[in-house]
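Inside the fold
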Amino acid sequence: MTFGYGELAEKWEGDVVDDGAGGTTDDGRHSQSATGDERDTPPTTDDGQRARRVAVDASGAGPRQAWAGLPWLVRSAVLWSACLVVVVAGLYLVGKIAVLLAPLAIALAATLFLTALLDPVLLLLRRLRLPAALAALLTVLFLLGILVGVGVLVWNLTASQFSELSQELDQGLQRTRDFVTSTLPVTDDQLDKLIRQTRDGLGGAPDPVGGARTAAEVAGSVLLSLVLLFFLLKDGRSMWHWVLRRTAGPNRDVAAEAGRVGWRTLGAYSRGTMIIAAIDALGIGLALVLLRVPLALPLALITFLGGFVPIIGATVAGAVAVLVALAAKGPTVALLTLAAVIAVQQIEGNLLEPLVMKRQVQLHPAVVLVAVTAGTLIAGIAGAFVSVPITAVVYRVIDTVQRHRQAAAARPPAPA
C-alpha cells in the first residue's frame, strides 16, 4: 500500500510519541508528563531523515535513480548515440568549411600528399650536404620534370587518339543501350528519361562561366600547392619541432609519436598507391595491346589515374576499357578485356597490395568504400582522392594516442 508524504507524517505522529522518559509509546497519545514545548518538538534528525527516505521511496525515484534503474543496454545505447551525434555534427561542420574553402583545402591536401611522396628524394639530397632551400627546389623541379615529361610523351603519342576515344565510347554506349532495350523490359523513352535524371543529378548541363571559374580555381590551387610544397620540404621539420616545443608536459611525447606515425602512414600510402596504380596500368595496358584494342595507351593512363581512388577508380577505369573493346572489337574481345581487368585487379588486391602497402595503411574495404563515398559527396573527385589517406592517417593517430593512454593507465604510480 502506497502513502503520500502527509499520510506518512500523520501515521508517524500517531505511532511514535514521547513517553516522558526519553522513550516512546504506541498508544497514539502524548505522555501526560510531557510539557507543551515537548509536544511541539519536531522529530529528531535520524527520524526525519528516515521519514524523508520513506517519502522519496514512496513518491517515486529521482532522475539519478531512474537512470540507474535503466538496463545497461539502454544506457549504453543512449551514450553511444549521443557521442555519434557529436562526432557526425563535428565532421559535418568540418566538411562544410572545407567546401567553402575548397581551393585552399584541395591545395593543402595535395601539398601534404606530394610532400610525403617526395620526402625520400629530399632526404637523399640532404645527405649529399645540399642546403635545405636548394634541396627543396631541386625536389620540386624533379616533380615538375616528371609530370611535364610524361604529359608531353602521352600527348605526342595519343593526341590524335583522344577524339577517337570519345567516338569509341559513344559507340560502346550505343551497343550497350541496344543490348539493354532488346533484353530487358525497358523502352527507349524510359532509358532516355533515366539518363536525363542521372545527368541532372550529377549537375546538369555544363556552364561556360562555371567552367571558367573552375579552371581559374584549379590553376590557383596548382600554383599554391607548388609554393606550399617548396616551403614544407624546406622548413617542414622545423615547423613541426616548433609545434612540439609549445606542447607542455607528458602530452609532448604523445604528440611527437602520433605525428611520426601519421607522417609515416601518409608517406607509405602515397608511395604504395602510386606503385599499385602503375602496376594496374601496366597490366591492363599490356592486355589491351595483346587483344589489339585501340587506344591502349590512353586507357592505361586512365587506369593509372583511377588507381588513386581505391576500388571505385579501378572499377570505372576497367569499365571504360571494356566499353572501348566492345565498340571496336565486339562482344568476344570485350569479354576477354573484362576477364583481363578482373584478373589484374584480383592480383593487385590479394597479392600486391599486402606486399606494397604497409600494415599500418591497410583499411577494411567497407571503411574504404564509406570514406570514398563520403569524400565524393562532400568535395567531388578531389574528395574521393583525399578521403582514404585522411582516414588512414586519422585512424593511426587515434590508435597511437589510445595505446599511450592505456600504457600510462597500466603503469604503476610513482612512489611518493
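Residues numbered from 1 in each chain as written. Predicted model: local features only at pLDDT ≥ 70, side-chain atom pairs only at ≥ 80, totals over all residues. Heavy atoms only, no water.

Looking now at the nonpolar core. Counting 16 residues, the largest nonpolar core has Ile284, Leu288, Val293, Leu299, Val324, Ala325 and Ala334 as its most contacted members. If you list the elements that add at least two residues to this core, you get helix H11 (251–290), helix H12 (296–306), helix H13 (312–329) and helix H14 (331–356). Among the elements that line this core, the one with the most residues is H13, at six residues. (Core = buried A, V, L, I, M, F, W, Y, C linked by side-chain atoms within 4.5 Å. Buried < 20%, exposed > 50% of the residue type's maximum accessible area, 1.4 Å probe, protein only. Helix = DSSP H or I, 4+ residues; strand = E, 2+ residues; numbered from the N terminus.)

Attention shifts here to the side chain of threonine 115. With respect to the element layout, threonine 115 can be found in helix H6 (residues 102–127). Here threonine 115 falls in the buried class, since its relative accessible area comes to 4%. At 2.6 Å, the side chain of threonine 115 forms a polar contact with the backbone oxygen of threonine 111. In this structure, threonine 115 is in contact with Leu229, Leu232, Leu233 and Trp263, ignoring residues within four places of it in sequence. (Polar contact = N/O pair within 3.5 Å; in protein donor to acceptor, adjacent residues only side chain to side chain. Contact = heavy atoms within 4.5 Å.)

Another point: the pattern of salt bridges. Opposite charge on two side chains makes pairing possible when the charged atoms of those side chains draw close. Counted according to the given criterion, the structure contains five salt bridges. Of the charged contacts in the structure, one is a salt bridge between aspartate 235 and lysine 234, with a shortest N-O distance of 3.2 Å. Residue classification places aspartate 235 among the partly exposed positions, given a relative accessible area of 22%. Overall, lysine 234 belongs to the partly exposed group, its relative accessible area being 31%. Taken together, the salt bridges that share partners define one network made up of Arg396, Asp399 and Arg403. (Salt bridge = Lys/Arg side-chain N within 4 Å of Asp/Glu carboxyl O.)

Let us now look at the packing of H11 against H14. Closest axis-to-axis distance for the H11/H14 pair is 10 Å, and the angle between their directions is 155°. When the axes of H11 and H14 are compared, the pair comes out roughly antiparallel. Considering only the axes of H11 and H14, their crossing is right-handed. Where H11 abuts H14, its residues Gly272, Ile275, Ile276, Ile279, Asp280, Gly283, Ile284, Ala287 and Leu288 lie against Thr337, Ala340, Val341, Val344, Glu348, Leu352, Glu353 and Val356. Taken together, the residues that form the contact of H11 with H14 break down as eleven nonpolar, three polar and three charged. (Axes fitted to C-alpha atoms, helices over the stretch in contact; angles between N-to-C directions. Parallel < 35°, antiparallel > 145°, perpendicular 65-115°, else oblique. Left-handed = near helix turned anticlockwise from the far one by under 90°. Nonpolar A, V, L, I, M, F, W, Y, C, P; charged D, E, K, R; others polar.)

As a packed pair, H11 and helix H15 (residues 365–410) sit with axes 9 Å apart at the nearest point and diverge in direction by 150°. With respect to their mutual orientation, H11 and H15 come out roughly antiparallel. The handedness of the crossing between H11 and H15 comes out as right-handed. Between H11 and H15, the residues in contact are Val254, Glu257, Ala258, Val261, Gly262, Thr265, Leu266 and Tyr269 and Val388, Pro389, Ala392, Val393, Arg396, Val397, Thr400, Val401 and His404, respectively. Of the residues belonging to the contact of H11 with H15, the class tally is eleven nonpolar, four polar and two charged.

Structurally, the position occupied by glycine 307 is in the loop between H12 and H13. Residues glycine 307 and alanine 277, 30 residues apart in the sequence, show an inter-C-alpha distance of 4.5 Å. Aside from chain neighbours lying at most four places away, what touches glycine 307 is Thr273 and Ala277.

This brings us to the packing of aromatic side chains. Summed over all chains, the structure comprises three aromatic pairs. Ring geometry for phenylalanine 113 versus phenylalanine 308: centroids 6.4 Å apart, planes at 70°, classification edge-to-face. One end of the pair, phenylalanine 113, is in helix H6; the other, phenylalanine 308, is in the loop between H12 and H13, and 195 residues separate them in sequence. By the burial criterion, phenylalanine 113 is buried, and phenylalanine 308 matches it. With a centroid separation of 5.4 Å and 70° between ring planes, the pair formed by phenylalanine 230 and phenylalanine 231 is classed as edge-to-face. For phenylalanine 231, a relative accessible area of 40% puts it in the partly exposed group. (Phe/Tyr/Trp six-rings, centres within 6.5 Å; stacked < 30°, edge-to-face > 60°.)

The analysis is restricted to geometry; functional conclusions fall outside its scope.
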